[in-house]
Amino acid sequence: ARLLARIETRADSSHRVDTTLQTAAAQLKIDGTIAPAFDTLDLNYSAEMPRLAPFGAVAGNELSGSATLSGKVSGPVASPTVTALLEGREVAAAGQPLGAVRGELRAADVATAAKGNLSFRASPPQGAVQIATDFAMSDNALRLTGTRVGAPGGSIDGQMTVPLDG
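Everything quoted here is computed from the prediction, not taken from an experiment.

K.L.:
I'd like to hear about the nonpolar core, residue by residue, with values.
P.N.:
Core analysis: the largest hydrophobic core is formed by nine residues, namely Ala26, Ala47, Met49, Leu52, Leu63, Ala67, Val91, Val101 and Ala122. Those elements that provide at least two residues to this core are β4 (40-49) and β5 (63-76). Residues within four places of alanine 26 in sequence aside, it is in contact with Leu21, Glu48, Met49 and Phe55.

K.L.:
Give me the lowdown on the pairing of strand β6 (residues 81-93), citing residues and values where you can.
P.N.:
Of the pairings in the sheet, the one linking β5 to β6 comprises 11 bridges and is antiparallel in character. Note that in β6 the partner of alanine 67 across the bridge is glycine 88. The hairpin turn running from β5 into β6, its antiparallel successor, is four residues long. Alignment of β6 against strand β7 (residues 96-108), held across 10 bridges, turns out to be antiparallel. For alanine 92, the partnering residue across the bridge sits in β7 and is proline 97. Linking β6 back to β7 in an antiparallel pair, the connection comprises two residues, with alanine 94 at a positive phi of about 55°.

K.L.:
Explain the pattern of salt bridges residue by residue, including any values.
P.N.:
By the definition in use, this model includes six salt bridges. Between aspartate 42 and lysine 72 there is a salt bridge whose closest N-O contact spans 2.8 Å. A residue pair is termed long-range when its members are at least 10 positions apart, and aspartate 42 in strand β4 and lysine 72 in strand β5 qualify at 30 residues. With relative accessibility at 32%, the residue aspartate 42 sits in the partly exposed group. Assessed through its relative accessible area of 30%, lysine 72 is described here as partly exposed.

Thresholds applied
Residues numbered from 1 in each chain as written. Predicted model: local features only at pLDDT ≥ 70, side-chain atom pairs only at ≥ 80, totals over all residues. Heavy atoms only, no water. Core = buried A, V, L, I, M, F, W, Y, C linked by side-chain atoms within 4.5 Å. Buried < 20%, exposed > 50% of the residue type's maximum accessible area, 1.4 Å probe, protein only. Helix = DSSP H or I, 4+ residues; strand = E, 2+ residues; numbered from the N terminus. Contact = heavy atoms within 4.5 Å. Pairing = 2+ DSSP bridges. Salt bridge = Lys/Arg side-chain N within 4 Å of Asp/Glu carboxyl O.

Next comes the structure, spelled out in structure tokens:
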């Protein structure tokens, strides 16, 4: 692995970050700024994974294809907002072709009371599959609203609350 990192303190005392980690399996980049008191972030990240096979052990299934992940972490360090975009090409999991995949996430207040939305779409040979929901977490529950699941031949819409306290 090879790590290149640069942190520069600017005239306004903010800190500019520019980091690249290159491994045999992926390249990860992080760049952006951190406030002078290290209490606020504005960072972009990206990961290029030209082959998903090395990640199969982590996923618990055989993987193939390629993917990119990109997004942003911004706001207070204590509870930032996170966005993510996952785009996969010719993806297969456990030997099942998923084709092109796309996942999106936006989560605010991730450390305190996460809320946001997520969506996922895959294009297997049988037809497109889509999942999307808004979510909100509290100390004792995860609430999913506006949930939509679509597949060839039908769809389901609804909401649910999942207790987190046992």
